[in-house]
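The primary structure of each chain is shown beneath.
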Amino acid sequence: MHEASEPVRRLGAAALLWRSAAAVVFLLLLSAGTLRGTDDGWPFAPMSQYAFAVDLDGEVRSPYVQGTGTDGVVRRVPLTAGGVGVERSEVEGQLPRFVRDPSLLEALAAAHAARHPERVRFASLELRQRVSDLAGGRVVRVRDDLLASWTVPDPRQPLGCCGGGAP
Amino acid sequence: MSGGVAGAAAGAWRRWWAPAVPAGRVALLRAVLYPFVVLDVLVLTDDPLAHGDVPVQLYRPLALRRLLHLPAPSPGYVRVLLVVLLVSAVVAACGRLPRLAGAVCAAAYLDWLSNAYSYTKVDHDHAALVVALLVLPTVGAVRVRPGTGRGAGRGARSPDEAAGWALRCVQVAVVCTYFLAGCAKVRFGGWDWAGGAVLTWAFSRRRTALTDALAAVPPVLVALQWLVLVAELLSPVMLWLRGRALAAAVLFWLAFHLGTYLTLRIHFLPTVVCLLAFAPLERLVPPVRPRGRRAGTGRRALPAQEPAARGGR
């Protein structure tokens, strides 16, 4: 009646062998990913969140995107899943691409237009960066740099998106 | 003689990688992790759904997606994937078709996460959960309840090496998440990482009253950074701890995750739920009383089952 008396279910030699091999190979790949690999190798990517040095007397960069609407008003482009489908960290991860090819900013305008057809569309966009200078680990000064800018050729249809009837 | 040594080593290897633990531990871990997958894809890691509408210019597919020729996310693709994930997770959460539903859920979850990480931001908080979803289907059917309850599968208190291997893999993956995070800090930040300003960096980007108060005292931040780095590099010790020492280590990590959530808004819940692989979960479920016996007599069955519960860690 009691299960305590049930026999141990043991793994056969082959079952233990493949499990051992799988565990060791996975462990080696995971370790190699952190010691030598890059993000591209996920799931064997470096466990690198927050794994970068910040000099106590260095600077902290915080990029953002702002755009001028077809109504002339300057607004912050919401770098969130709900705003444009990608988050700030995902723009930050490809910052050099945006600087090299500012036309990529139009993809953000298109994503915004697709998600929020009722909102004013962006006629031009600027990728900017707030830079906080540190001294002894404290923020002592804040600057604001322009990294890239792009004028949308046809603001009503960024990347040919979303029909032409929007504001 | 060397045969004896090899035999002893093989035995030690088997006892470490595949200890005979009560099979019900796996059933309960399934009952927590698969519902967590539902929560994760609907709430915590829901960006793959949003990525379906993002212009393809911003898609930077990971090697895994390129190797498997997975297409770029599109609105239809991510919605179908979401349905497959939810259905397989719910079926597996109910303990049905543990191998088939579990395997489908693991594959769909890899697709989901690789989508999440194919826009240049890769997180490492899901490593243990990915391993858990890959190994849980290998155990097969297990009952949640011990005793003479109905239903197919292994009894909850039956010692089972296949269950032991799956749980050990999740434990090792949790420890890897901590230990390798420590290694990555040394690799990318150097040994000076802990003496640097990484928390100042984080706090200045996401300010709250609490972070402002902490940021006003840089030596506190440096002390916290040292604490994190040392704890991460010592984490493999957890794999050999037992009883209260192990419980203390698990509580430390829970406090650590609460702290990073309150200050950095980083919850690491996919790792937190996998800490359950260190707990004797099967003890949470009382045995079903044999039918036909009166309520008062059922209690006596409990102590007799303790030895089986102690079979694992």
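Going by the structure above, here's the rest.
Residues numbered from 1 in each chain as written. Chains lettered and ligands numbered in written order. Predicted model: local features only at pLDDT ≥ 70, side-chain atom pairs only at ≥ 80, totals over all residues. Heavy atoms only, no water.

> Looking at this structure, how should I read the overall build of chain B?
Across its full length, chain B carries 15 helices and two strands. For chain B, the proportion of its 313 residues judged to be buried stands at 53%. Here the analysis covers contacts within chain B between residues at least 6 apart in sequence; of these, 78% occur between residues at least 24 apart. (Helix = DSSP H or I, 4+ residues; strand = E, 2+ residues; numbered from the N terminus. Buried < 20%, exposed > 50% of the residue type's maximum accessible area, 1.4 Å probe, protein only. Contact = heavy atoms within 4.5 Å.)

> Please clarify how the sheet that holds strand 2 (residues 74–76) of chain A should be interpreted in this entry.
In sheet architecture, strand pairing relies on hydrogen bonds along the backbone and comes in two forms, parallel and antiparallel. Spatially, four strands are ordered 2-1-3-4 (chain A) in an open sheet, and the strand pairing comes out antiparallel. Each of the sheet's edge strands pairs with one partner strand only, and the pair in question is strand 2 and strand 4 (138–151) of chain A. Averaged over all neighbouring strand pairs, the angle between strand axes comes to 30 degrees, with direction disregarded. On top of the sheet, helix 9 (residues 198–205) of chain B reaches strand 1 (59–69), strand 3 (122–135) and strand 4 of chain A; it is set at about 20 degrees to strand 1 of chain A, its chief contact. (Pairing = 2+ DSSP bridges. Axes fitted to C-alpha atoms, helices over the stretch in contact; angles between N-to-C directions.)

> Looking at this structure, I do not really get the environment of V37 of chain B. What am I missing?
Residue and element names in this part refer to chain B. Summarising the element assignment, V37 is placed in helix 2 (residues 24–44). On the accessibility criterion, V37 (1% relative accessible area) is buried. Along the sequence, V37 and L86 sit 49 residues apart, while their C-alpha atoms lie 8.1 Å from each other. With residues up to four places along the chain from it excluded, the contact list for V37 reads L85, A89, C105, Y109 and L133.

> Which parts of the structure should I look at to understand the packing of helix 1 (residues 13–35) of chain A against helix 8 (residues 161–189) of chain B?
For any two helices packed against each other, one specifies the inter-axial angle together with the distance between the axes. Running from N to C, helix 1 of chain A and helix 8 of chain B cross one another at 15 degrees; their axes reach a closest spacing of 9 Å. For the element pair helix 1 of chain A / helix 8 of chain B, the angle class is roughly parallel. In this structure, helix 1 of chain A crosses over helix 8 of chain B, and the sense of that crossing is right-handed. Here W18, R19, S20, A23, L27, L30, S31, G33, T34 and L35 of chain A of helix 1 of chain A lie close against helix 8 of chain B, whose contacting residues are A162, W165, C169, V172, C176, L180, C183, A184 and R187 of chain B. (Parallel < 35°, antiparallel > 145°, perpendicular 65-115°, else oblique. Left-handed = near helix turned anticlockwise from the far one by under 90°.)

> Would you take a moment to explain the pattern of salt bridges for this structure?
Any two side chains of opposite charge can pair, given that their charged atoms come close. Considering all chains together, one arrives at 20 salt bridges over all chains under this definition. Note that R115 of chain A is salt-bridged to D53 of chain B, the shortest N-O span being 3.6 Å. Here the residue R115 of chain A occupies a position in helix 4 (residues 105–115), and D53 of chain B occupies one in the loop between helix 3 (47–51) and helix 4 (63–67), the pair thus bridging two chains. A relative accessible area of 32% means that D53 of chain B is categorised as partly exposed. With its nearest N and O atoms 3.1 Å apart, the salt bridge here joins R141 of chain A to D133 of chain A. R141 of chain A sits in the partly exposed class, given a relative accessible area of 48%. Each of E59, R61, D133, R141, R143 and D145 of chain A takes part in a single network of salt bridges with overlapping partners. (Salt bridge = Lys/Arg side-chain N within 4 Å of Asp/Glu carboxyl O.)

> Mind showing me how you'd approach the nonpolar core here?
One broad rule of soluble globular proteins: the nonpolar side chains tend to lie buried together. Counting residues in each nonpolar core, the largest one holds 80 residues, and the members touching the most others are Y109, M238, C274 and F278 of chain B. With 16 residues, the single largest contributor to this core is helix 8 of chain B. Setting aside chain neighbours within four positions, we find Y109 of chain B in contact with V37, D40, V41, L85, H126, L129, V130 and L133 of chain B. In this structure, L79, A109 and A111 of chain A together with V54 of chain B belong to the second largest nonpolar core, which totals 23 residues. (Core = buried A, V, L, I, M, F, W, Y, C linked by side-chain atoms within 4.5 Å.)

> What exactly am I supposed to notice about helix 5 (residues 75–93) of chain B here?
Since the α-helix advances by 3.6 residues per turn, residues separated by three or four positions end up pointing in the same direction. Residues and elements named next belong to chain B. Between its terminal C-alpha atoms helix 5 stretches 27 Å, which fits the 27 Å expected from 19 residues at 1.5 Å a residue. Along helix 5, the residues classified as buried are Y77, V78, L81, L82, L85, S88, A89 and A92. Buried residues of helix 5, seen end-on, are gathered within an arc of 145 degrees and therefore sit on one face of the element. Buried residues in helix 5 make contact with helix 2, helix 3, helix 4 and helix 6 (98–116). Looking one or two places after helix 5, you find G95, whose phi comes out positive at around 80 degrees. (Expected span 1.5 Å × (residues − 1). Arc of directions from axis to C-beta.)

> Would you mind showing me how to read the interface of chain A and chain B here?
When the parts of a complex come together, some accessible area is lost, and that lost area is often taken as the interface size. Across the boundary between the two partners, chain A contributes 71 residues, which contact 83 residues of chain B. Summed over both sides, the interface between chain A and chain B buries roughly 6600 Å², with carbon and sulfur atoms accounting for 62% of that surface. Considering only the surface of chain A that becomes buried against chain B, R9, W42 and Y50 of chain A emerge as the three largest contributors, covering 14% of it. Here chain A is connected to chain B by four salt bridges. Residue E161 of chain B is joined to R10 of chain A by a salt bridge in which the shortest nitrogen-to-oxygen separation is 3.4 Å. At the surface where chain A touches chain B, the tally comes to 26 residue pairs in polar contact (both at pLDDT 80 or more). When residues of the side of chain A that touches chain B are traced back to their parent elements, those giving at least two are helix 1, strand 1, helix 2 (88–92), helix 3 (95–100), helix 4, strand 3 and strand 4 of chain A. Element by element, the count of residues in the side of chain A that touches chain B is highest for helix 1 of chain A, at 13 residues. In terms of residue class, the side of chain A that touches chain B is built from 38 nonpolar, 16 polar and 17 charged. (Buried area = accessible area lost by both parts, 1.4 Å probe. Polar contact = N/O pair within 3.5 Å; in protein donor to acceptor, adjacent residues only side chain to side chain. Nonpolar A, V, L, I, M, F, W, Y, C, P; charged D, E, K, R; others polar.)

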